[in-house]
Amino acid sequence: MLFNSLEFLIFFPTVTILYFLLPHRFRWLHLLVASCVFYMAFIPLYILILAFTIVVDYFAGILIENAAGKQRKAFLLMSLVANIGTLAVFKYYNFVGRNLTEFMHGLHFDHALPILAVALPVGLSFHTFQAMSYTIEVYRGRQPAERHFGIYALYVMFYPQLVAGPIERPQNLIHQFYERHEFEYQRVTNGLKLMLWGMFKKVVIADRLAVYVDAVYNTPHSWSGVPLIIATVFFAFQIYCDFSGYSDIAIGAAQVMGFKLMTNFNRPYHARSISEFWKRWHISLSTWFRDYLYVPLGGNRTTQNRWYFNLFFTFLISGIWHGANWTFVIWGALNGFYLLCSIWTSDLRASLVKSVGLARHPKLHSVVKVAITFALTCYAWIFFRANNISDVVYINRAIASSLIHPLNWLHSTQTAAGGRLGPITRYDFMMALLVIAFMELIHLVQRKRGMRTMLAERPIWFRWGVYYALGLGIICLGEFGKRQFIYFQF
């Protein structure tokens, strides 16, 4: 079930109203049933996959807690193999099979591995990682094993964040299912405001930009460098608004019922370095890889070369997590390379800043760092969005050509004189720029205080004027083609 659908418009208030009407002892069951209905709205049969991993991890948690010594590790490995194995079969088997088949053909072996004709379960990587965090935390002694099977199943299946996060830790979420949440007007309205803002980002900004991005990136060989550059920048904002919009709706929906989910985005395109960007982007996943992969590998508390390996390997695995395609592998490796380069060039960059006088102008220096970080991030997004390596090669060549030959920009401007700019009209293009500018203005205002806090201090006529304006903007400017959220495919 999509958040941006009529079904959810009926589902959410129905589930929420019943939640507050039911006695506390029945609420967990109500939410579990609602979560099952929510997930089964995609492919009903795939709920059996969730059931399998839930049963395995529930018993694994109890066995880990009761065991000692090597047995604890054995039970943890059993859980991890079940989760990673399920993920590998559905997400990576065909990718590995096709590549092995091509490799064997190169060696003149005419044997093709069978391909599985199955769709990737929605949000598989998200709820798999959430389940893995539970057994790991039990193994580390930071979380007691959950004895209530229904509560544990709800921890994995809680519908607001089931298919695209945030990826929660058991310490934050499980205890909340035992707590009594009363109807509180301020909390409920704050949650609804966040949902409204998330929906605006999704249907007004992300889905509007998707029209341009999809037209260009799905047929890149039909376009020159300038539309490809525009599409790449638009995709940077599209994926941000799409994913952070989902997170806002999920966090807001949970908040309405009294649950607190972790923040997943914090104005990532205002970051002044790639390292800072990853502290602001998809925070629940970044911290997951930090705590369960980077730190166990040794983190930065090891030899220098091993530290470099730990950084690069973590980002490489992050790329593979995002998708079974070489483009995602390269995207992850590129971001790892960015971080290594920032370490290797730190002294050189400090000297350069001092020599050109930027050190005397900290605000200008900050703007330059934000611009460079955004440019590097946009370049990496090419690999993330491109359909295959062949498209990546062409896009890089076309963009390089347009930068080397500035007259291409003038030619592109002249060809836009007929009322269209690339695949969309000039009106739609200007509207896309305006909604991006509006969002960034909100982000600038939010640097010191949250928008909801500031609105709460305004007169009621001003607050409701803003809410009605956002709602009207969604109705009048939104793209209602039932576009799935980008991260559903992961």
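In this text, all values refer to a predicted model and were calculated from it rather than measured experimentally. (Residues numbered from 1 in each chain as written. Predicted model: local features only at pLDDT ≥ 70, side-chain atom pairs only at ≥ 80, totals over all residues. Heavy atoms only, no water.)

**Looking at helix 16 (residues 389–404)**
Keep this limit in mind: Labels follow the DSSP assignment, with helices taken as runs of H or I lasting at least four residues and strands as runs of E lasting at least two, numbered in each case from the N terminus. To estimate how far a helix should extend, the number of its residues minus one is multiplied by 1.5 Å. Only protein chains enter the calculation, and the probe is 1.4 Å; a residue is then buried if its accessible area is under 20% of its type maximum, exposed if over 50%, and partly exposed in between. Taken from the helix axis, the directions to the C-beta atoms give the arc we talk about. As used in this structure description, the phrase polar contact means that two N or O atoms lie within 3.5 Å; if the pair is within protein, one of them must be able to donate a hydrogen and the other to accept it, and residues adjacent in sequence are counted only when both atoms belong to side chains.
Across its 16 residues, helix 16 extends 22 Å between first and last C-alpha, which sits within 8% of the 22 Å expected from 1.5 Å per residue. Those residues of helix 16 lying buried are Asp-391, Val-392, Ile-395, Ala-398, Ile-399 and Ser-402. Around the axis of helix 16, the buried residues are gathered within 135 degrees of arc, so they sit on the same side. Turned more than 90 degrees from where helix 16 packs its buried face, Arg-397 and Ile-404 sit exposed. For helix 16, the side-chain oxygen to backbone nitrogen distance between the N-cap and Ser-390 is 3.2 Å, and the N-cap itself is Asn-388.

**What to know about the packing of aromatic side chains**
Each pair of aromatic rings is reported with the distance of its centres and the angle of its planes. Here is the rule we go by: Within 6.5 Å between ring centres, the rings of Phe, Tyr and Trp (the latter by its six-membered ring) count as paired, and their orientation is classed by plane angle as stacked under 30 degrees, edge-to-face over 60, tilted in between. Only when the NZ of Lys or the CZ of Arg is both within 6 Å of the ring centre and within 35 degrees of the ring normal is a charge said to sit over the ring.
Taken as a whole and judged by the stated rule, the model has 63 aromatic pairs. Ring centres 5.5 Å apart and planes at 70 degrees place the aromatic pair Phe-237 and Tyr-269 in the edge-to-face group. Pair noted here: Phe-237 is in helix 9 (residues 225–257) and Tyr-269 is in the loop between helix 9 and helix 10 (274–280), with a separation of 32 residues, a long-range link. Tyr-269 sits in the buried class, given a relative accessible area of 8%. Relative to Trp-344, the ring of Tyr-308 lies with its centre 5.8 Å away and its plane at 85 degrees, an arrangement referred to as edge-to-face. Of this pair, Tyr-308 sits in helix 12 (residues 304–322) while Trp-344 sits in helix 13 (residues 326–344); the two residues are 36 residues apart in sequence, bridging distant segments of the chain. The aromatic ring of Tyr-19 is capped on one face by Arg-27, whose charged end is 4.6 Å from the ring centroid. Positioned above the aromatic ring of Trp-321, the side-chain terminus of Lys-91 is 5.2 Å from the ring centre.

**Overview of helix 15 (residues 362–385)**
Here helix 15 is 24 residues long and its end C-alpha atoms lie 34 Å apart, about the 34 Å a rise of 1.5 Å per residue gives. Considered for burial, the residues of helix 15 that qualify are His-365, Thr-373, Phe-374, Thr-377, Cys-378, Ala-380, Trp-381, Ile-382, Phe-383, Phe-384 and Arg-385.

**Some thoughts on the pattern of salt bridges**
Two side chains that carry opposite charge are able to pair once their charged atoms sit near each other. Worth spelling out the cut-off: Salt bridges are defined as contacts in which a side-chain nitrogen from Lys or Arg sits within 4 Å of a carboxyl oxygen from Asp or Glu.
Per the stated rule, a full pass over the model turns up 12 salt bridges. With a shortest N-O distance of 2.8 Å, Lys-201 and Asp-248 are connected by a salt bridge. Placement of the pair is Lys-201 in helix 8 (residues 185–217) and Asp-248 in helix 9, with a sequence separation of 47 residues. Of the two residues, Lys-201 and Asp-248, both sit in the buried class. Note that Arg-208 and Asp-428 form a salt bridge whose closest N and O atoms lie 3.7 Å from each other. Taken together, the residues span a long stretch of sequence, with Arg-208 in helix 8 and Asp-428 in helix 18 (residues 426–445) at a distance of 220 residues. On the basis of relative accessible area, Arg-208 is assigned to the buried category, the value being 11%.

**Some thoughts on empty space enclosed by the protein**
For the record, the criterion: Think of a 1 Å grid over just the protein atoms. A cavity is a set of points where a 1.4 Å probe fits yet cannot get out, a pocket is an open set with protein on both sides within 12 Å along at least five of seven lines, and lining residues have an atom within 4 Å of a point. Grid points are joined across faces, edges and corners, and a volume is the space filled by probe spheres set on the points. Residue type decides the class: Asp, Glu, Lys and Arg count as charged, Ala, Val, Leu, Ile, Met, Phe, Trp, Tyr, Cys and Pro as nonpolar, and the leftover types, Gly among them, as polar.
By the definition in use, this model includes one cavity of 30 Å³ or more. Estimates place the volume of the largest cavity at around 40 Å³. What lines the largest cavity is simply Phe-277, Trp-278, Trp-331, Asn-335, Thr-377, Ala-380 and Trp-381. Of all elements in the fold, only helix 10, helix 13 and helix 15 reach the threshold of two or more residues within the lining of the largest cavity. Looking at the lining of the largest cavity, the element that brings in the most residues is helix 15, giving three residues. Of the residues belonging to the lining of the largest cavity, the class tally is five nonpolar, two polar and no charged.

**Things to note about the environment of Gly-298**
For Gly-298, the position within the fold is in the loop between helix 11 (283–297) and helix 12. Judged by its relative accessible area of 23%, Gly-298 is partly exposed.

**Comments concerning the layout of surface pockets**
Reported here for the largest pocket is a volume of approximately 1200 Å³. Counting residues per element, the ones that place at least two in the lining of the largest pocket are helix 10, helix 11, helix 12, helix 13, helix 14 (346–356) and helix 15. With eight residues, helix 11 is the largest single contributor of residues to the lining of the largest pocket. Along the lines of polarity and charge, the residues of the lining of the largest pocket split into 22 nonpolar, 14 polar and six charged.

**Some details on the side chain of Ser-35**
As a reminder of what qualifies: Contacts: residue pairs with any heavy atoms within 4.5 Å of one another.
Position of Ser-35 relative to the elements: it lies in helix 2 (residues 24–40). The residues contacting Ser-35, other than those within four sequence positions of it, are Leu-154, Met-157, Phe-158, Tyr-159 and Leu-162.

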